[in-house]
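Inside the fold
Each chain, written out:
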Amino acid sequence: MGVLLASTFSLIRLIIWMSIMSNCISISSSNPICESPYPPHAIPVYEEDVDALQFAVNLEFLEAEYFLWAALGYGLDRIAPQLVLGGPPPIGAQKAKLDSLTRNIITEFAYQEVGHLRALEKTVGLFPRPLLDLSPKHFAKLFDEAFGYELDPPFDPYRDSLSYMLSSYVIPYMGLVGYVGTNPLINGYQTKRLLAGLLGVESGQDAVIRMYLYERAEELVHPYNHTVAEFTIRISELRNKLAMCGIKDEGIIVPPQLGAENRTESNVLSANFYSISYRRTPGEILRVVYGTGSEHLPGGFYPHGGNGRIAREFLKIPH
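Overview of the structure. (Residues numbered from 1 in each chain as written. Predicted model: local features only at pLDDT ≥ 70, side-chain atom pairs only at ≥ 80, totals over all residues. Heavy atoms only, no water.)

Observations concerning helix H4 (residues 100-123)
Applied cut-off: Counting from the N terminus, the helices are the DSSP runs of H or I reaching at least four residues and the strands are the DSSP runs of E reaching at least two. Given the number of residues in a helix, its expected span is that number minus one, multiplied by 1.5 Å. The rule is simple: take the accessible area with a 1.4 Å probe, protein chains only, and divide by the maximum for that residue type; under 20% is buried, over 50% is exposed, in between is partly exposed. We call two residues in contact whenever any of their non-hydrogen atoms come within 4.5 Å of each other. Any pair of nitrogen or oxygen atoms within 3.5 Å is treated as a polar contact; in protein, a donor-acceptor pairing is required on top of that, and neighbouring residues in sequence qualify only through side-chain atoms on both sides.
Its 24 residues place the ends of H4 35 Å apart at the C-alpha level, agreeing with the 34 Å of an ideal helix rising 1.5 Å per residue. Within H4 the residues assigned to the buried category are Thr 102, Ile 105, Ile 106, Thr 107, Phe 109, Ala 110, Glu 113, Val 114, His 116, Leu 117 and Leu 120. Taken together, the buried residues of H4 touch helix H2 (47-72), helix H3 (76-79), helix H6 (161-168), helix H7 (172-182) and helix H8 (189-214). The N-cap of H4, judged by a side-chain oxygen 3.3 Å from the amide nitrogen of Leu 101 a few residues on, is Asp 99. Phi turns positive, to about 85 degrees, at Gly 125, one or two residues after H4.

Here we look at the side chain of Asp 133
Where we set the bar: When charges are counted, neither His nor the chain ends are considered; positive counts come from Lys and Arg and negative counts from Asp and Glu. When a carboxyl oxygen of Asp or Glu lies within 4 Å of a side-chain nitrogen of Lys or Arg, that pair is called a salt bridge.
Mapped onto the fold, Asp 133 is located in the loop between H4 and helix H5 (136-147). There is no salt bridge for the buried Asp 133, and the closest opposite charge comes from Lys 137, which lies 8.0 Å off by N-O distance. For Asp 133, the side chain forms a polar contact with the side chain of Ser 135, separated by 2.7 Å. Ignoring sequence-local partners within four residues, the contact set of Asp 133 consists of Ile 91, His 138, Gly 300, Phe 301 and Pro 303.

Structural notes on the nonpolar core
As a reminder, the rule being used: Buried Ala, Val, Leu, Ile, Met, Phe, Trp, Tyr and Cys residues that are joined via side-chain atoms within 4.5 Å together make up what is termed a nonpolar core.
Core analysis: the largest hydrophobic core is formed by 79 residues, its most contacted members being Leu 76, Ile 106, Leu 120, Leu 213, Phe 231, Val 289 and Phe 301. Filtering out sequence-adjacent residues up to four positions away, Phe 231 remains in contact with Phe 143, Phe 147, Leu 151, Phe 155, Leu 166, Val 221, Tyr 224 and His 226. Counting residues in hydrophobic clusters, the runner-up holds five residues, among them Tyr 173, Leu 176, Val 177 and Tyr 278.

Considering a nonpolar patch on the surface
Applicable threshold: To count toward a patch, a residue needs a relative accessible area above 30% and no salt bridge. Like charges then connect within 9 Å, nonpolar side chains (Val, Leu, Ile, Met, Phe, Trp, Tyr) within 5 Å. In this description, accessible areas are obtained by the Shrake-Rupley approach with a 1.4 Å probe, and a residue is regarded as covered only by the protein chains that are shown.
A cluster of nonpolar side chains, namely Phe 273, Tyr 274 and Ile 276, defines an oily patch on the protein surface of about 370 Å² accessible area. Structurally, Tyr 274 can be placed in the loop between helix H9 (228-243) and helix H10 (282-289).

Brief notes about the packing of aromatic side chains
Applied cut-off: Working definition: a ring pair exists when centres of Phe, Tyr or Trp rings (six-membered ring for Trp) sit within 6.5 Å. Plane angles under 30 degrees give stacked, over 60 give edge-to-face, the rest tilted. Here, over-ring charges are defined by two tests on the NZ atom of lysine or the CZ atom of arginine: distance to the ring centre within 6 Å, and angle to the ring normal within 35 degrees.
If you walk through the whole model with that rule in mind, you get 14 aromatic pairs. Members of the aromatic cluster, connected to one another through ring pairs, are Phe 143, Phe 147, Tyr 149, Phe 155, Tyr 224 and Phe 231. The lysine or arginine in question, Arg 78, covers the ring of Tyr 74, its NZ or CZ lying 3.8 Å from the ring centre. Here Arg 216 stacks its cationic end above the ring of Tyr 212, 3.8 Å away from the centre of that ring.

Remarks on the pattern of salt bridges
Going through the model one piece at a time under the given rule, you end up with nine salt bridges. Measuring nitrogen to oxygen at the nearest pair gives 2.5 Å for the salt bridge that ties Glu 65 to Arg 129. Residue Glu 65 is located in helix H2, and its partner Arg 129 is located in the loop between H4 and H5; the two are separated by 64 residues in the primary sequence. Looking at Arg 129, the relative accessible area reads 1%, which means it is buried.

With respect to the environment of Leu 166
As for its position among the elements, Leu 166 is in helix H6. Judged by relative accessible area, which is 2%, Leu 166 ranks as buried. As for Leu 166 and Arg 210, which are separated by 44 residues in sequence, their C-alpha atoms are 9.1 Å apart. For Leu 166, the contacting residues outside a window of four places in its chain are Phe 143, Phe 155, Leu 213, Val 221, Val 228, Phe 231 and Thr 232.

Some remarks on unusual backbone geometry
The general pattern is negative phi for most residues beyond glycine and trans for most peptide bonds. Note that the residue after Asp 152, namely Pro 153, is joined by a cis bond; omega there is 0 degrees. Assignment of secondary structure puts Pro 153 in the loop between H5 and H6. With an omega of 5 degrees, the peptide bond between His 222 and Pro 223 qualifies as cis. Secondary-structure assignment places Pro 223 in the loop between H8 and H9. Positive phi outside glycine occurs at Met 244, with the angle close to 65 degrees. Here Met 244 lies in the loop between H9 and H10. With a relative accessible area of 54%, Met 244 lands in the exposed category. Phi is positive for Ser 275, which is not a glycine, with a value near 60 degrees. Mapped onto the secondary structure, Ser 275 falls in the loop between H9 and H10. Residue classification places Ser 275 among the partly exposed residues on the basis of a relative accessible area of 46%.

Things to note about the packing of H7 against H8
Keep this limit in mind: With axes taken as lines fitted to C-alpha atoms, and helix axes fitted only over the stretch in contact, angles between N-to-C directions fall between 0 and 180 degrees. Helix crossings fall into two classes, left-handed where the near helix is turned counterclockwise from the far one by less than a right angle and right-handed where it is turned clockwise. Residue polarity is assigned by list, with Asp, Glu, Lys and Arg as charged and Ala, Val, Leu, Ile, Met, Phe, Trp, Tyr, Cys and Pro as nonpolar; anything else, Gly included, falls into the polar class.
The N-to-C vectors of H7 and H8 enclose an angle of 145 degrees; their axes lie 8 Å apart at closest approach. Considering the relative orientation of H7 and H8, their crossing is left-handed. Note on element contacts: H8 touches H7 through Leu 195, Leu 198, Leu 199, Glu 202, Ser 203, Gln 205, Asp 206 and Ile 209, opposite Pro 172, Tyr 173, Leu 176, Tyr 179, Val 180 and Thr 182. When grouped by side-chain class, the residues that make up the contact of H7 with H8 number nine nonpolar, three polar and two charged.

Structural data, given as structure tokens:
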């Protein structure tokens, strides 16, 4: 009986897929020419766009490796070795103990990040993958700093699904606010299109993570006596402290004065008074991801600092 049901389900899926493909072909053939949305004499990529967008490659490498390793147990060196350009493999990355729902989410995120690197490579080029520290020890230090004391036992992002999603709360949001900050500096139509597309997906990833955590806001995070909401608040406060430029990061529960129209305490999406996404500069982002509060002092996720002209100039290292 089970085999019969499985076969029937597979047949239904095949019929649906064929129907969708047939419709797509019909639509394509009935509209054989799609007009370009760009002015005929527009410049696709301005020279000054390259450095601004390449800076984001540092964060895309971080996200790709962290998601790939957690979901699959291996990273870019196996999935797309040509993209790393000889950069060293990450430190301490490992497969996380995820339930099926969380694994499906993170697997999708992982492949999205590979696609982001391919798109950046095609449009502005890549640089060698920087050394990344994705070890449990690094995350334990990060969460200890957020709470102001040593958690016992040390926080391990790979322990279970909730721990991993709390650790992921740390990462995509930095890409989101970075792209919002970069947006006004971009001029070429190809680079604008790329940034908009990257921002859309990074925002979506952050929203999924925040909603996942919001649904569990009042749960205690095993084995600690702190709720999920407390964890997000502490991490957001730490990032604001490190960046040193006011409140641009908010947990999933906030006082009403930080809620939408000053009327909500729920905070599924982090945004300013006008419910517009916050933005950060490269300097602010480096202060946070280095974990040092200084864009000139590497550490944290990047023991040797980021790559690309902008990050290397902060370190006064030839690029």
